[in-house]
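Inside the fold
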Amino acid sequence: MTISPLANFSTTRELLDEFGLATKHKFGQNFLVDNHVIERICELAELTGTECVLEVGPGIGTLTLALVQEAARVVSIEMDTALEPVLFAHAADHANFTYIMGDALRVPNERIEEAAGVVPTHFISNLPYNVAATIILDFFERMPALKRAVVMVQKEVADRIAAQPGTKDYGAYTVKLSLYAQVTGRFEVPPRSFMPAPHVDSAVIRLDRLTMETASNVGGARVPDDQPKGTVPFGGDSGVGIAAVCRVVDAAFAQRRKTIRNSMSANGFDKQALDAAFEACGIAPTSRAETLSVSDFVCLAEALAAVEADGR
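Note that this is a predicted model, so its numbers are computed, not measured.

**Here's the deal with the overall build of the chain**
- Per the secondary structure count, the chain includes 13 helices and nine strands.
- Counting across all 312 residues of the chain, residues that qualify as buried make up 53%.
- Of the contacts made within the chain by residues no fewer than 6 positions apart, 65% connect residues no fewer than 24 positions apart.

Set out below in structure tokens:
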């Protein structure tokens, strides 16, 4: 059983008082005080003691002090400079922990790898809710070595991540993240698990990066043996780039109330090229973006690339 010494009200309050700290709403700070949640996060992460874990928003280190027991290395990124003395104290006590002060969306990969000593393979965090969705997608995009994420987010964000086509939560963000990873676990966390208790419900969600073995279950297409870097892993033989698929996704969801043909044509795509691509993919032009699967969007991007190539 993994136990964090800070995962309760009394020790959290004592530490905050010791360092003269208070929670800050602008940083989305709600400190976890429920060790049962810590245990479930570690169980979901399935760490073996060999991994390098990247954490964002460690706060006072409640989850951090559990991760250092489970992983070979832990590197955390914290934006609130007032928390640096606490993190410094933790680093002094744990040789396998280091931290970086800064904005996680602006800290370059090289700095993270330098601090960690190795390339992180796991991303485990109780994320600041106001930037959680952005951070998750950003890290999967720019850190190809990242194999797994186990992250605490607002329940609505978890719903968007795990949404299925045809539901209200399914959107451009869902599709883009699904190009990189698939949901493999989830559990809910009540407000009483935090201090102070937030006014929203939370959820922990696990995402595993798509591989050649798992991608076919998502995209339904054969994965080329020589899949080029930067292409979707289930993009068929054309090796269409992720950027091309994202451009299609953004245009399709730009005007959700319109048909996909009208929305995409109003956002930079030629109508004749669209009609040819829709026919090639078996997609009705009158469909709406939220009804299309991830593999539909990949197919559409491939078909549009083929139409463009034929027109040259």
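Next comes the rest of the account.
**What about the side chain of Thr64?**
- Secondary-structure assignment places Thr64 in helix α3 (residues 64-70).
- For Thr64, a relative accessible area of 0% gives the class buried.
- If we ignore the near neighbours within four places in the chain, the residues touching Thr64 are Glu55, Pro58, Val74, Ser76 and Phe97.

**Re the sheet that holds strand β4 (residues 97-101)**
- In space, the seven strands of this open sheet follow the order β4-β3-β2-β5-β6-β9-β7, with mixed pairing throughout. Strand pairing shows two members of the sheet lacking a second neighbour, β4 and β7 (181-189), which therefore form its edges. Pairs of neighbouring strands in the sheet enclose a mean axial angle of 20°, with direction left out of account.
- Summarising the sheet, strand β2 (residues 52-56) and strand β5 (residues 122-126) pair through two bridges and their orientation is parallel. The residue bridging Leu54 from the neighbouring strand is Phe123, located in β5.
- Sitting on the sheet, helix α4 (residues 84-93) touches β3 (73-78) and β4, and the angle it makes with β4 is about 160°.

**Points about the environment of Phe269**
- Examined against the element boundaries, Phe269 turns out to sit in the loop between α11 (260-265) and α12 (271-281).
- Residue class for Phe269 comes out buried when judged on its relative accessible area of 10%.
- The sequence separation of Phe269 and Arg247 amounts to 22 residues, and the corresponding C-alpha distance is 9.9 Å.

**Quick word on the pattern of salt bridges**
- If you walk through the whole model with that rule in mind, you get 13 salt bridges.
- Between Arg148 and Asp208 there is a salt bridge, with the nearest N and O atoms lying 2.7 Å from each other. Separated by 60 residues along the polypeptide, Arg148 in strand β6 (residues 148-154) and Asp208 in strand β9 (residues 202-209) bring together distant segments of the chain. Judged on exposure class, the residue Arg148 and its partner Asp208 are both buried.
- Between Lys155 and Asp159 there is a salt bridge, with the nearest N and O atoms lying 3.0 Å from each other.

**Topic: the pairing of β2**
- Buried residues dominate β2, accounting for five of its five residues.
- Residues Cys52, Leu54 and Val56 line one face of β2 and the alternating positions Val53 and Glu55 line the opposite face, and both faces are buried.
- The sheet contact formed by β2 and β3 spans five bridges and is parallel. For Val56, the partnering residue across the bridge sits in β3 and is Ile77.
- In this view, the connection linking β2 to its parallel neighbour β3 by way of α3 has right-handed handedness.

**Digging into the packing of aromatic side chains**
- Per the counting criterion, the structure on display carries four aromatic pairs.
- Taking the centre distance of 6.3 Å and the plane angle of 65° together, the rings of Tyr170 and Phe253 count as edge-to-face. With Tyr170 in the loop between α7 (155-162) and α8 (172-178) and Phe253 in helix α10 (residues 242-253), the pair connects residues that are 83 residues apart, well separated along the chain. Of the two residues examined, Tyr170 and Phe253, each falls in the buried class.
- Here the aromatic residues Tyr170, Phe253 and Phe297 are joined through ring pairs into a cluster of three or more.
- Across the ring face of Phe187, the terminal group of Arg40 is positioned such that the distance to the ring centre comes to 4.1 Å.
- For Arg247, the ring lying beneath its charged end belongs to Phe269, and the centroid distance is 4.2 Å.

**Describing the packing of α10 against helix α13 (residues 294-310)**
- With their axes 9 Å apart at the nearest point, α10 and α13 run at an angle of 110° to one another. As summarised for this structure, α10 and α13 are arranged roughly perpendicular, according to the angle between their axes. On α13, the residues that touch Ala244, Val245, Val248, Val249, Ala252 and Phe253 of α10 are Phe297, Val298, Leu300, Ala301 and Leu304.
- Tallied by class, the residues present in the contact of α10 with α13 amount to 11 nonpolar, no polar and no charged.

Reading guide: rules and limits
Residues numbered from 1 in each chain as written. Predicted model: local features only at pLDDT ≥ 70, side-chain atom pairs only at ≥ 80, totals over all residues. Heavy atoms only, no water. Helix = DSSP H or I, 4+ residues; strand = E, 2+ residues; numbered from the N terminus. Buried < 20%, exposed > 50% of the residue type's maximum accessible area, 1.4 Å probe, protein only. Contact = heavy atoms within 4.5 Å. Pairing = 2+ DSSP bridges. Axes fitted to C-alpha atoms, helices over the stretch in contact; angles between N-to-C directions. Salt bridge = Lys/Arg side-chain N within 4 Å of Asp/Glu carboxyl O. Right-handed = clockwise from strand over helix to strand, strands pointing away. Phe/Tyr/Trp six-rings, centres within 6.5 Å; stacked < 30°, edge-to-face > 60°. Lys NZ or Arg CZ within 6 Å of the ring centre and 35° of its normal. Parallel < 35°, antiparallel > 145°, perpendicular 65-115°, else oblique. Nonpolar A, V, L, I, M, F, W, Y, C, P; charged D, E, K, R; others polar.

Just geometry here; none of it tells us what the structure is for.
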